[in-house]
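Reading the structure
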Amino acid sequence: MKSETRPTTTQSHSAPAWAAGAKAQTTTIGLLGFFFLAFIAPMGCTTDTPRPNLIILFSDDAGYADFGFQGSEFMQTPYLDKLAASGARFTSGYVTASVCSPSRAGLLTGRYQQRFGHELNLPGKPDPAVPDSLRGLPLSERTIADWLADAGYATSLIGKWHLGLEDRFHPQQRGFQEFFGLRAGSGPYFTGLNSRVETGTTPVPADSLDYLTDEFGDRAVDFIARHRDEPFLLFLSFTTPHTPMQARADYLAQDSARFETDVRAKYASMTRSLDENVGKVLETLDLFNLRENTLVFFANDNGGAMPYNGSLNAPLRGAKGTALEGGNRVPYLLSWPGHIPADLVTDDPVSTLDVLPTFLAAAGVDLPTDRSFDGVDLMPHLNGQSASAPHDTLYWKMQWGAAIRAGNWKLVRTPDAQHWLFDLANDLSETTDLSNQEPERAAALRKSLEAWESTHPDPIWLINDAWHARTLERYDQSVVEGYVRN
Ligand SMILES: [Ca+2]
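Residues numbered from 1 in each chain as written. Predicted model: local features only at pLDDT ≥ 70, side-chain atom pairs only at ≥ 80, totals over all residues.

1. Some remarks on the environment of asparagine 408
Formally: Put simply, DSSP H or I for four residues or longer makes a helix, DSSP E for two residues or longer makes a strand, and each gets a number counted from the N terminus.
Residue position: asparagine 408 is located in the loop between β14 (401–406) and β15 (409–413). Sequence spacing of asparagine 408 and proline 349 is 59 residues, and the spatial spacing of their C-alpha atoms is 9.2 Å.

2. Quick word on the domain arrangement of the protein
What counts, and what does not: Here the limits of each domain have been adopted from an automatic or database domain assignment. For this scheme, ten residues count as nonpolar: Ala, Val, Leu, Ile, Met, Phe, Trp, Tyr, Cys and Pro. Four count as charged, namely Asp, Glu, Lys and Arg, and the remainder, Gly too, count as polar.
According to the domain assignment, the protein consists of domain 1 (30–391 + 465–484) and domain 2 (400–458). Averaged C-alpha coordinates put domain 1 and domain 2 at centres separated by 28 Å. In terms of residue class, the side of domain 1 that touches domain 2 is built from 7 nonpolar, 4 polar and 3 charged.

3. What about the pairing of β15?
Worth spelling out the cut-off: Partly exposed residues are those falling between the two cut-offs: more than 12 but fewer than 20 other C-beta atoms within 10 Å of their own, whereas 20 or more means buried and 12 or fewer means exposed, with C-beta atoms placed from the backbone. Strands qualify as paired when DSSP identifies two bridges or more between them.
In terms of burial, β15 is a largely internal element, 4 of the 5 residues being buried. Taken together, the 5 bridges between β14 and β15 define a ladder with antiparallel strand orientation. Residue alanine 402 lies in a different strand from β15, and its bridge partner there is arginine 413. The hairpin formed by β14 and β15 contains 2 residues between the paired strands, and glycine 407 there has a positive phi angle of roughly 60°. By the bridge criterion, 5 bridges tie β15 to strand β16 (residues 419–423) in an arrangement that is antiparallel. Across the sheet, leucine 411 pairs through a bridge with leucine 421, a residue of β16. Hairpin connection of β15 to β16: 5 residues between the antiparallel strands, including alanine 417 at a positive phi of 70°.

4. Quick look at the nonpolar core
The cut-off we apply is this: In this description, a nonpolar core means buried residues of the types Ala, Val, Leu, Ile, Met, Phe, Trp, Tyr and Cys, linked to one another by C-beta atoms lying within 7 Å. Contact between two residues is assigned whenever their backbone-derived C-beta positions fall within 7 Å.
Core analysis: the biggest nonpolar cluster contains 107 residues, and Leu236 and Phe297 have the highest contact counts within it. At 9 residues, the largest contribution of residues to this core is made by helix α7 (residues 262–287). Residues lining this core come from more than one domain, with at least three contributed by each of domain 1 (30–391 + 465–484) and domain 2 (400–458). Leave out the neighbours within four places in its chain, and phenylalanine 297 touches Ile55, Ile56, Leu57, Leu333, Leu334 and Val355. Counting 5 residues, the second-largest nonpolar core is a separate cluster that includes Met306, Leu312, Ala319 and Val480.

5. Focus: the environment of threonine 455
Tracing the chain through its elements places threonine 455 in the loop between α11 (439–453) and α12 (465–473). Given 9 C-beta atoms within a 10 Å radius, threonine 455 is considered exposed. Each C-alpha atom, one on threonine 455 and one on glutamine 114, is 9.1 Å from the other, the two residues being 341 residues apart in sequence.

6. Focus on the sheet that holds strand β13 (residues 393–398)
So the rule is basically this: Here an angle of 0 to 180 degrees is reported between the N-to-C directions of two axes, which are lines fitted to C-alpha atoms, with helices fitted over the stretch in contact.
The strand order across the open sheet formed by 4 strands is β13-β14-β15-β16, and the pairing between neighbours is antiparallel. Here the strands that pair on one side only, and so sit at the sheet edges, are β13 and β16. The average undirected angle you get between the axes of adjacent strands in this sheet is 10°. Those strands touched by α11 are β13, β14, β15 and β16, and its axis lies near 115° from that of β14.

7. A few points about the sheet that holds strand β11 (residues 344–346)
With mixed pairing, 10 strands are arranged side by side in an open sheet as β7-β6-β5-β4-β8-β1-β9-β10-β2-β11. Since the sheet does not close on itself, it has two edges, and those belong to β7 (202–203) and β11, each with one partner. Relative to β7, strand β6 (residues 197–199) is paired through 2 bridges, and the arrangement is antiparallel. Each bridged residue has a counterpart across the sheet, and for glutamate 198 the counterpart in β7 is proline 203.

Rendered as structure tokens:
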């Protein structure tokens, strides 16, 4: 592998391109309206501390290694790095599934998605017994947006949904009062190519869309501006850097010389767009004096999709689709100035299951008692009120592949039914299977995993055969590292 080179350009926190009017088009309020709002914003402030705003920032298929705050010297993520420094960074932050749709089901419900049959990715295996009307987040479930809308929050999803295509699963049926984005799991970024974007249920002409990552960032700014005087929940669900690999030409012109592979250069440029649009959101909060009253969560929805999108999960083994750390451990940040200490780094295992209880508690909403939740409120663990770890045990399962983590020990069941035992405290990269040296420990973990599995219904839909084959091959690290490194 040729050496990747560090960036020679830097993005500015004080004068980002978007604020300088570099974009010709803006969203509904427009640039004039935006700057007008900036002048009147302080008038909207009151002396009472209102309920906090809540923001989920999600990237898609990004690598564990591919952010400045995760140690990358090659990716340009100054805004996310600043966000990380402003609060807590969790080095053992996990999603509930190593693919998009079930991961989002766990995030938005605060419940292991296996509880309600949403175990596998959509659309799943073709099967006439499973109609499209069943392929989505089951209507028995309520989302974080349902609970917060009931409590008086303004709620919006901007970006990717991937929890069902039919109208009955539409975000606006699931607690989000506003929706701008795509119901599907991915789509093109360039103007004129994406015909799946909707405002509510109204299709948006593909030719009217800006570069999609920028479009989502602008829509988020617009939402915050319109709802700055009331508590809001914003789920800004980027598709970046999921395939197709389509980068802005101006960024790619700079990045193509720094990386050996075309896919890695595009990945880097797409990551810049992701970061810049996170920057738009954070600077808009600053502009309206909302930053200290806003709890911001950032994570990626599953492990980097090595080798397909050029992401890098080092030092973790595995990738999207696997039950290895590279599948489920993700960059994970929580920031709330004045409530969470700055520059806090913790290795306690946490989960995206924790977002719902944390957000509801911050909003002063009691956790509903009509169902079981699997996450916990993280705030007591961050402000010194609790000395215990948030979780003793975490579980993962997608049809055959599964894993359990208890303390620093982890048992992985591969899709072809091998059981591997790892000591994450001494083997973060999962290189050495200790199941023969520690058979009793392996057996106990296997028993716990299978007991957990036995409490769940069968998946509503199964995984398609092509996905199964690709998932299986990603347990082979030589495949995972593929052409990222060549
Ligand atoms: Ca994903």
